Structure formats: C-alpha cells, structure tokens
Number of protein chains: 2
Amino acid sequence: MTQAAICTIGDEILIGQIVDTNSSHISRALNSLGIRVRTHQSIGDDNFQIISSLDALLKENQIVIVTGGLGPTKDDITKKALAQLSGAKTVKTDQRQLEIVHRILSARGLDMLEINRAQADVPDTCEVIPNKLGTAPIMVFRFPAERFGHKAVLYSMPGVPFETIAALDDVLEDIKAHFDISDIFHYTLNTFGMAESALSRKIASWEDSLDEDMHLAYLPNPLSGVRLRLSIYGGERSHQEERAMERIRELKEILGKELYYEGDSLAENIGKMLLESGKTVSAAESCTGGLISALFTQVAGCSSYYLGSVTSYANSVKTGVLGVDASVIESKGAVSEECVRQMAAGVRRLTGSDFAVATSGIAGPGGGTKDKPVGLVWIGISSERGTNAVKMEFKSDRKHNIERFAANALNELRKLITKELNY
Amino acid sequence: MTQAAICTIGDEILIGQIVDTNSSHISRALNSLGIRVRTHQSIGDDNFQIISSLDALLKENQIVIVTGGLGPTKDDITKKALAQLSGAKTVKTDQRQLEIVHRILSARGLDMLEINRAQADVPDTCEVIPNKLGTAPIMVFRFPAERFGHKAVLYSMPGVPFETIAALDDVLEDIKAHFDISDIFHYTLNTFGMAESALSRKIASWEDSLDEDMHLAYLPNPLSGVRLRLSIYGGERSHQEERAMERIRELKEILGKELYYEGDSLAENIGKMLLESGKTVSAAESCTGGLISALFTQVAGCSSYYLGSVTSYANSVKTGVLGVDASVIESKGAVSEECVRQMAAGVRRLTGSDFAVATSGIAGPGGGTKDKPVGLVWIGISSERGTNAVKMEFKSDRKHNIERFAANALNELRKLITKELNY
C-alpha cells in the first residue's frame, strides 16, 4: 500500500496561533484514494529543520505533501529549502503562473512588484502545477529510487486553506497518474438527530452483517449531523457500486426518512426540494444571528427559493419588523414558544414565502437563568398549514451552541418540507 | 532555550476524521511560558511507530507532550508503548486515580469492569498526576541525561480535548517546577486593505531595522486581513514588552489608522467602539447572505450594540422590507450604487440604529454579466451624517467572494465609525 506523510510549515502553527486544518483535509482525500497516511508533522520556518524533516519523511514514504511557507515575504523560506533539498542549480520562471500572478494583481488594482514576479520562479528541479487562486505555484519534486531507497514524490502546496483545498484536486490527479492505486468506492449518507453512540446501536446488526471488504465510518459534524461512510476496498468499480447501493437501501430502511437526508448539507437538501416544487423559504433569526441565512446562501442558485431573512437581535426588531406582540415578550420573554411562533409566522408574512423557520435562544456565555439556561433554544417552523415550535437544549460554548441551534432549525424545516411536499 | 515537541496519537487523526486542536492549545500554553515548540507530530495507534517517534523527539527536545491513545479499549496502546520505551518492569495501581475512576462510573450509573479498573494501573517508571475529569491518568516519565544526551521529560495526557485542556494546568505547574524558563513575547497587530506583498514593501525599512532577537511574521486571513506578529525571543519579560511596544508604535505610525485595527476581529473592533460610545449598528445583506450578521454575533455581548439585520436576497424583500425604490432596481439593477445606498439607509431607519452597513453583489458562480461580473460588490455605509457607497471587485469562488465581500464591508464600517467617533 502506498504510504504518505503530510508536513505543514509555519511558525504560526507552532505557537498555536492557528489550528492546522490542512492535514486533516488532505488526509481525508488521500485515504479516499486508498493511500495510507502514516504521519502528520508541523515544523517552523527554519531552513535546517525543513530539510532534515523532509529528508526523514521521504525515506519512509512514497508521497510527501508539504503545505505553507510559500508567501512572498522574507519569513517564508520553503521554496529555498526545497531548492537545497533537491539540489537545484538555478531557478526558472513558470510562464503560466506568472500570468496568474499578473491577473490576480490587476484584479485587485495592484502593480506587479519584484517580490510578486518572483512567486512564479521555481527551482529547476521541479515540475509546476499552476495555482489558479493564488500567486504561489504547486511544485512537484520527483526523486529517483537511488535517493531514498524507493521512488518518492514531494508536492509543495500553498498553505492558505482555500488555496490548499482548490489545489488538491490537481495534486490528486498527478498522484493517480503516477502511483498504482487500487479502487476504493465510498458512499456517504447523512443522518441527523441521533448521537453517534445511539446511531451505532440502532444499526449494529446491519453493520455486523457487512462483508469483509466493506468498512463503515462515523463522521460527526455539528452542522450536518453524523455522516455514515460506507467504503469498499478493491474489486471492480461497477460491481462495488451495485453492492454498496444495495446495502445503503437496507440502511435507509432501518433509519427512516426522519433520520437521514441526501445532499451535501441540510441547506442543499432543503434547496433541492424547494427548487423542484417551485416553493420559497425565509428565516427569522435571533440567537443564530444570521448563520441559518449564511448556510442557505452557501448553496449556489439559492436565489430561486431563498427570499431572505430578518436577524432580530434586538426586541425592537422582533416587534417592529416581524410583528411580534410586545406583550408576549414582556410576559413570556423573547426566548419562548409564543415569541418564536410569531417570529416564524411574521417573517413568512413579511417576505411572502411558503415556508419559514425561526430561532430564539440563549447562546451564552452570559444571559442564562435557572428556567432558561445557556444552551436553550426555541425553534419555530411555519407553512400555510400552520406554525409549530419545538424546544431543545444543548451544553456547549457560544460558537457551538449557535451551530447546533442553526443545524437543528434547518433539520426541523427539512422534516416539515419533506412531509408537506411528499418527499 | 527549553525546546518542546507535541505528539498526538490516534488513527482518527491520520484518516482526517478529526482535526487535531490539542497541539494548537498546548502550543499556546507552552509559548506563553517561554518554551519554544519545535514540532507537532501525529501518528497512528502503532506500537513500533509510537516508540520510534517518541525516541526521536526525546533526542531533540527536553519536553515531549503526548496526547491520546489512553482509552480502555484494545485499539489504544500508548500506555503499553510508554512502558516499553521507559523500560518498565511491572505496573503499579495509582489509588487516587482508581478512586476517580470509581466516582466517574458511579456518577454514570455504571459498574466497574476490569478494563475500567486497569485505567488506574501505570508503568512503574512513571509518576502520576491524577486526571480529575476522565479515567486515564497523566503519566510523567523523567529520563536522566545519559539516555538522550540531556535531561528530558515526557508527559502523557488524555486526548479528549476537554480532558487535555483541564489536565494542562497541572502539567504546566510541573514544567515550571522542573525547568529554567526564559520568556518569549508576542504582539499581534491586525491590518486590513493591503495585500501581503504591498504591505511588506510599505514596512520594509521598518522591518529591516528590527533587532536580531525580533521576528516578524505575516499571517493572511480572508476574514480579518493580514495579521502582523512581532516576536521577541529571550530576555526579560518586562523589557521585551517595552521594546516591542516601542516598535509597534512606529509600525502604527507608518500604517496609519486606515490600515490597522486592534482586537481579534473586525467585528470585535467595531463592537468595542460602539460599546464604549453607546451607539448601535444594523446590516442589510444581499450577496453576503447573513455572514456579516453571523460575524457580529460571534462576539459575546454583541446584543448591547447589534440590533439586527435584514437579508434581502429577493428584490421583493429589498423593496417591501427595506424600502428600496422599485424603479431603482428596474433601472439600475439590485447590484448598483443607488440600491445599496437605499438598503443601508433603509435598514438604519427600520431598526433605528446609529450606523448601518449594506452589501449587494454577485458571488457567483452564475449571474455575472460583462458590466457586472462575478466578484463585483457594492458596499453601502450609513450614519446620521449621511450615506456612502464603494465598489470593489474580487476574483474567487462563491464561498470566498462572499467572505471578502463581508470582510470589506465590515472594514468600510470600521473606518466610518473610527472617523465619526474619533478613535
């Protein structure tokens, strides 16, 4: 089995200023290709350490993916270290990358400086894959078997996560072209509403019945629920797919429509149903503060069904814009069933949408009471058939409470739409 | 200077199922003690790999902190590997940890099984720091100078993040008691509105004039701009701080208030000014779809100054809720100076806020034209002194265009408030 290591470079990682998410992202991609990731390493912007660490990683792995340290400023030295490691004699300019640098700068209305131009210069020992979203190219160093005891390839990628993610597809293509990789088939089904341990108990006998070459992974995510990934290793693609889909049909039967959904996210699943049926939706958010709206609008094409939202953080906006009765807020409080029902109905009336969802809760850290603790949320859902509300409680910090409130509100909306539109 | 390495153990990290946040957290804590973290490494639950990696890390560092692989099930083998690495002859039971295991199980209403009891057993080569929140104790292995060429200590901590964080204080106390620690001082200044390369040219002569023990790093982030981090290694804390602040004063002078801001994020910077002056803000979002609102509400305590927002994705919401003239949308389009000015003024009137910000643009991937391409955004800002609008253009994918639109809108608002409130 092909083995890989991931090395992220940057002092900001070692002082704990940022969390390294690239390693996790790249690992998932390599694993799905059937490549085993043996180690992650993070090191500083230090020439000696970069060279000695990469040398050690190349001795033990056929593939080493490096991210970071490619900026135009003086503190970034990865390119210089790679030139030394690979025994480069000179630099060459990559014309395709130079054009991209030029395009990026002119789009921002900036002049091309010498340090920008130098971004397209690479050691003569590497091949270049252009980086379409940033100025630093992807460099590919291929080492012959004599050097490390086996053929080895080092990919140097930009470290800014969105550039890394965008560049990864090209790197994976190169890996597929140069390494002998057996097929792995993955199918992912999203679930929502059950914790990992409870879910695993519910599907235990189905999981036990899986064939030897099948593997099930649980991937919990606060914004989308627990994803179940069924993988089949080896065998022919078409046959793998047929066998996987038969198992997935059984799994769906066990879970029932309340617990699983198709599509990459709850917002995408909702969007697809609305688009097909020509219906529309809106949102009224208090404690989720715009996150539900941001999740809707992450989906391209959402303008066909998503009309908009009101973030009614202040009570004056709840009463003045959404039409919540001031007496309700006075007697029951803003975090109450009555208030969230009026918010949902109010935003549906205000925007003229077919469906609406609303949230009012206490994200924390402050603001909780004994009766209404931090983590409490009321979720309202409204359609022309009526308005309903549910209460939930979570125990997390501000950021994660907000995420759980928003995800559960979208899930309640998904269940309502699934039922009313007969999905 | 004392050097440290952090090693996280677990297959779930290497398949990308979880992001390792422990390393970042521990790094911050060690850096603030003046200990330089040289490397992070993540490896699998594999006896040979654990022993060989830790052996290599102990040769290069005086402190090695290990997290993970301490669960009661068979796949967790860190304790066994550490027994082998340290040449343990037998196991001993730590009575304090055994009592904690007992207490945790009875609180959950569970019986004590043999695998639970074994959690309190440790190699006879280590000292124990009890783990108050979990069943696996913290193990401290002290190696004499003969073993690795210098005195070295290995701390093995639980890998569940909340247990790691809770246990870290005790580990830091032990480190302070056993190592001679010098200081590192970091100061971070946020900038916004200038690309990394242009910024580096603007401050080049200042950067060149920094003393030998000072290091400057550029940390770009689409949502907050380019952070500049000045670090001073060695020397006394109070003197470091004084020298750093003198240099930061010079840097601020060069940049000017338009280009830098204090606080962790633009939303936090704006929040602080509003809070101090008792003023309020609201937002009207089209293309940013709720992200500006979500950024405001990430800041705890924002309810004192953030009233709310309208996400007017559909034109009917722009006219019906925000009061934009239908004739403006018909003649100029929704992505126009006139529309975004009316959106900003409209939401300020609707919510009664002192300040307001509005966005209308084309995030893509579809919807662009020659005159109004994907990446174009109009940003409106409004106060009682009047309403203004600026146009910007970016070239990225949907997600990152939305992020840049939102960040630049917050930055325009920041500049307006800084000026009007005399900050």
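Note that the structure is predicted; figures quoted are calculated from it, not measured. Counting restarts for each chain, with residues numbered from 1 along the sequence as it is written. To read the labels, note that chains go from A and ligands from 1, taken in the order they are written. Local features in this predicted model are restricted to residues of pLDDT 70 or higher, and side-chain atom pairs are both shown and tallied only at a pLDDT of 80 or more, whereas totals for entire chains, interfaces and linings draw on every residue. The side-chain numbers reported here are obtained from all heavy atoms of the structure, hydrogens and water having been left aside.

S.K.: For this particular structure, what's the right way to read the overall build of chain A?
M.R.: Secondary structure elements follow DSSP: runs of H or I no shorter than four residues count as helices, runs of E no shorter than two count as strands, and numbering proceeds from the N terminus. A count of helices and strands for chain A gives 17 helices and 17 strands. Overall, the C-alpha framework of chain A stretches about 80 × 60 × 45 Å when taken along its three principal axes. Every one of the 423 residues in chain A was classed for burial, and the buried ones make up 56%. Two residues form a contact once any of their heavy atoms are found within 4.5 Å. Taking all contacts inside chain A whose residues are at least 6 apart in sequence as the whole, residues at least 24 apart take part in 68%. With an accessible surface of roughly 17,800 Å², chain A has 49% of that area assigned to carbon and sulfur atoms. All tallies of charge rest on Lys and Arg as positive and Asp and Glu as negative; His and the ends of each chain are not included. Here the site of a charge means NZ on Lys, CZ on Arg, CG on Asp, or CD on Glu. The average position of the 46 basic charges and that of the 54 acidic charges among the side chains of chain A differ by 4 Å. Three labels apply to residues, based on accessible area from a 1.4 Å probe with only protein chains included: buried if under 20% of the type maximum, exposed if over 50%, partly exposed otherwise in between. Computed by Shrake-Rupley with a 1.4 Å probe, the accessible areas treat only the displayed protein chains as cover when residues are assessed.

S.K.: Would you explain the packing of helix α12 (residues 266-277) of chain A against helix α17 (residues 398-420) of chain A in this entry?
M.R.: All names here are of chain A. Relative orientation of the contacting elements α12 and α17 amounts to 25°, with a least axis distance of 9 Å. With respect to each other, α12 and α17 are oriented roughly parallel. In the crossing of α12 with α17, the sense of the turn from one axis to the other is left-handed. Residues Leu266, Ala267, Asn269, Ile270, Met273 and Leu274 of α12 form the contact with α17, whose participating residues are Ala407, Leu410, Asn411, Leu413, Arg414, Ile417 and Thr418. Under the scheme applied here, ten amino acids are nonpolar (Ala, Val, Leu, Ile, Met, Phe, Trp, Tyr, Cys and Pro), four are charged (Asp, Glu, Lys and Arg), and all others, including Gly, are polar. In terms of residue class, the contact of α12 with α17 is made up of nine nonpolar, three polar and one charged. Each axis is a line fitted through C-alpha atoms, and for a helix only the stretch in contact is used; angles between axes span 0 to 180 degrees, taken between their N-to-C directions. Orientation categories follow fixed angle ranges, with anything under 35 degrees roughly parallel, anything over 145 roughly antiparallel, 65 to 115 roughly perpendicular, and all other angles oblique. Here is the rule for handedness: rotate from the far helix to the near one, and if that takes an anticlockwise turn smaller than a right angle the crossing is left-handed, while a clockwise turn gives right-handed.

S.K.: Looking at this model, I keep getting lost on the packing of aromatic side chains. Mind explaining?
M.R.: Each aromatic ring pair is summarised here by two numbers: the centre-to-centre distance and the angle between the ring planes. Geometry of aromatic contacts follows a simple scheme: Phe, Tyr and Trp rings, the Trp one being its six-membered ring, pair when their centres are within 6.5 Å, and the pair is stacked under 30 degrees between planes, edge-to-face over 60, tilted otherwise. Within the structure shown, the criterion is met by eight aromatic pairs over all chains. Summarising the aromatic geometry, the rings of Tyr306 of chain A and Tyr313 of chain B are spaced 5.6 Å apart at their centres and angled 55° between planes, so their arrangement reads as tilted. Here Tyr306 of chain A, found in strand β14 (residues 306-312), pairs with Tyr313 of chain B, found in the loop between β14 (306-312) and α14 (315-320), and the two come from separate chains. Each member of the pair Tyr306 of chain A and Tyr313 of chain B is classed as buried. Cluster of aromatic residues (ring-pair linked, three or more members): Phe296 and Tyr306 of chain A together with Tyr313 of chain B.

S.K.: It is not clear to me how the interface of chain A and chain B should be interpreted in this structure. Could you clarify?
M.R.: A common way to state how big an interface is: give the accessible area lost once the parts meet. On the chain B side, the residues contacting the 68 residues of chain A number 72 residues. Here chain A and chain B share an interface that buries about 5,600 Å² over both sides, 55% of which is from carbon and sulfur atoms. One side-chain nitrogen of Lys or Arg within 4 Å of one carboxyl oxygen of Asp or Glu is enough to make a salt bridge. At the junction of chain A and chain B, the tally comes to one salt bridge. A salt bridge links Asp208 of chain B to Lys74 of chain A, with the nearest nitrogen and oxygen atoms 2.5 Å apart. Two N or O atoms form a polar contact when they lie within 3.5 Å of each other; inside protein one atom must be a possible hydrogen donor and the other a possible acceptor, and for residues adjacent in sequence the pair counts only when both atoms belong to side chains. At the surface where chain A touches chain B, the tally comes to 37 residue pairs in polar contact (both at pLDDT 80 or more). Per-class residue counts for the side of chain A that touches chain B are 30 nonpolar, 27 polar and 11 charged. One requirement defines pairing of two strands: DSSP has to find at least two bridges between them. As judged from the five bridges shared by β14 of chain A and β14 of chain B, these two strands associate in the antiparallel manner. When two components associate, each loses some accessible surface as probed by a 1.4 Å sphere; the sum of these losses over both components is called the buried area.

S.K.: Can you help me understand the environment of Gln17 of chain A in this one?
M.R.: Tracing the backbone shows Gln17 of chain A in the loop between α1 (11-14) and α2 (22-32). With a relative accessible area of 26%, Gln17 of chain A lands in the partly exposed category. Separated by 3.4 Å, the side chains of Gln17 of chain A and Thr188 of chain B make a polar contact.

S.K.: Just checking my understanding: could you explain the sheet that holds β14 of chain A for this structure?
M.R.: Pairing between sheet strands relies on hydrogen bonds along the backbone, with the strands arranged either parallel or antiparallel. Ordered in space as β17(A)-β16(A)-β15(A)-β13(A)-β14(A)-β14(B)-β13(B)-β15(B)-β16(B)-β17(B), the 10 strands form an open sheet in which the pairing is mixed. Of all strands in the sheet, those with a lone pairing partner are β17 (386-393) of chain A together with β17 (386-393) of chain B, marking the two edges. The average angle at which neighbouring strand axes cross in this sheet is 15°, direction not considered.

S.K.: Looking at this model, I keep getting lost on the pattern of salt bridges. Mind explaining?
M.R.: When their charged atoms lie close together, side chains carrying opposite charge are able to pair. Per the stated rule, a full pass over the model turns up 42 salt bridges over all chains. One salt bridge in this structure joins Asp211 of chain A and Arg247 of chain A, with 3.4 Å as the shortest N-O distance. Of this pair, Asp211 of chain A sits in the loop between α10 (204-208) and β10 (214-221) while Arg247 of chain A sits in helix α11 (residues 237-255), placing them 36 residues apart in sequence. Judged by relative accessible area, which is 31%, Asp211 of chain A ranks as partly exposed. When its relative accessible area of 13% is taken as the criterion, Arg247 of chain A is described as buried. Residue Glu173 of chain B pairs with Lys176 of chain B through a salt bridge whose shortest N-O separation is 3.4 Å. Highlighted residues: Glu173 of chain B and Lys176 of chain B, both in helix α8 (residues 161-178), separated by three residues, approximately one helical turn. Residue class for Lys176 of chain B comes out partly exposed when judged on its relative accessible area of 44%.

S.K.: Would you mind going over the nonpolar core with me for this structure?
M.R.: Burial of nonpolar side chains together is a common tendency in soluble globular proteins. Within this scheme, the nonpolar core is defined by two criteria: the residues are buried Ala, Val, Leu, Ile, Met, Phe, Trp, Tyr or Cys, and they are joined through side-chain atoms within 4.5 Å. In terms of nonpolar packing, the biggest core is built from 44 residues, with Val310, Leu322 and Met343 of chain A together with Val310, Leu322 and Met343 of chain B touching the most fellow members. In this structure, Tyr305, Ala363, Ala406 and Ile417 of chain B belong to the second largest nonpolar core, which totals 37 residues.

S.K.: What exactly am I supposed to notice about the domain arrangement of chain A here?
M.R.: By the assigned domains, chain A splits into domain 1 (3-178), domain 2 (184-261) and domain 3 (266-420). These domain limits were set by an automatic method or by a database of domain assignments. With centres defined by C-alpha atoms, the gap from domain 1 of chain A to domain 3 of chain A works out at 43 Å.

S.K.: Help me out: how do you make sense of the sheet that holds strand β12 (residues 260-261) of chain B in this one?
M.R.: Across the sheet, which stays open at both edges, the four strands sit in the order β10-β11-β9-β12 (chain B) with antiparallel pairing between neighbours. For this open sheet the edge positions go to β10 (214-221) and β12 of chain B, each flanked by a neighbour on one side alone.

S.K.: I'm lost on the environment of Leu82 of chain B in this one. Help?
M.R.: The residue Leu82 of chain B is located in helix α4 (residues 78-85) in this model. Sequence spacing of Leu82 of chain B and Met139 of chain B is 57 residues, and the spatial spacing of their C-alpha atoms is 9.4 Å.

S.K.: Just checking my understanding: could you explain the environment of Leu189 of chain A for this structure?
M.R.: Residue and element names in this part refer to chain A. Structurally, Leu189 can be placed in strand β9 (residues 184-191). C-alpha separation for the pair Leu189 and Arg227, spaced 38 residues apart in sequence, amounts to 5.8 Å. The residues touching Leu189, leaving out its near neighbours within four places in the chain, are Val226, Arg227, Leu228, Leu251, Lys252, Leu255, Tyr260, Tyr261 and Glu262.

S.K.: I tried to follow α11 of chain A on my own but got confused; where do I start?
M.R.: Note: α-helices contain 3.6 residues per turn, so residues at a spacing of three or four share the same orientation. Residue and element names in this part refer to chain A. Compared with an ideal rise of 1.5 Å per residue, which puts 19 residues at 27 Å, α11 spans 26 Å between its outermost C-alpha atoms and is within 8% of the ideal. Considered for burial, the residues of α11 that qualify are Gln240, Ala244, Arg247, Ile248, Leu251, Lys252 and Leu255. Down the axis of α11, the smallest arc covering the buried residues is 150°, so these residues share one side. Exposed side chains of α11 directed beyond 90 degrees from the buried face belong to Ser238, Glu242, Arg249 and Glu253. On its buried face, α11 is in contact with β9, α9 (196-202), α10, β10, β11 (225-233) and β12 (260-261). Among the residues trailing α11, Gly256 stands out with phi positive, at a value near 80°. Helix span is expected to be 1.5 Å times the residue number reduced by one. The arc in question is the one spanned by the directions pointing from the helix axis to the C-beta atoms.

S.K.: Would you explain a nonpolar patch on the surface in this entry?
M.R.: Residue and element names in this part refer to chain B. To count toward a patch, a residue needs a relative accessible area above 30% and no salt bridge. Like charges then connect within 9 Å, nonpolar side chains (Val, Leu, Ile, Met, Phe, Trp, Tyr) within 5 Å. Taken together, the side chains of Leu133, Val160 and Phe162 make up a nonpolar region of the molecular surface, amounting to roughly 280 Å² of accessible area. By the secondary structure assignment, Val160 is in the loop between β8 (152-157) and α8. Taking the relative accessible area as the measure of exposure, Val160 reaches 41% and is therefore partly exposed.

S.K.: Just checking my understanding: could you explain unusual backbone geometry for this structure?
M.R.: Peptide bonds are, in most cases, trans, and in most cases residues other than glycine have a negative phi. In the segment running from Gly364 of chain A into Pro365 of chain A, the intervening peptide bond is cis, with an omega of 0°. Relative to the helices and strands, Pro365 of chain A resides in the loop between β15 (355-361) and β16 (376-383). Phi angles above zero are rare outside glycine, and Asn422 of chain B is one such case at about 60°. Residue position: Asn422 of chain B is located in the segment after α17 (398-420). Given the relative accessible area of 69%, Asn422 of chain B is considered exposed.

S.K.: Can you walk me through the pairing of β15 of chain A in this structure?
M.R.: Each regular strand displays side chains that alternate between the two surfaces of the sheet. Residues and elements named next belong to chain A. Judged by how many residues are buried, β15 sits mostly within the fold: seven of seven residues are covered. The alternating pattern of β15 places Phe355, Val357, Thr359 and Gly361 and Ala356, Ala358 and Ser360 on opposite faces, both of which are buried. In this sheet, β15 lies alongside strand β13 (residues 281-285) in parallel orientation, the contact comprising five bridges. The partner of Ala283 across the bridge, within β15, is Val357. In this structure, β15 lies alongside β16, joined through six bridges in antiparallel fashion. Residue pairing in the sheet places Ala356 in a bridge with Ser382 of β16.

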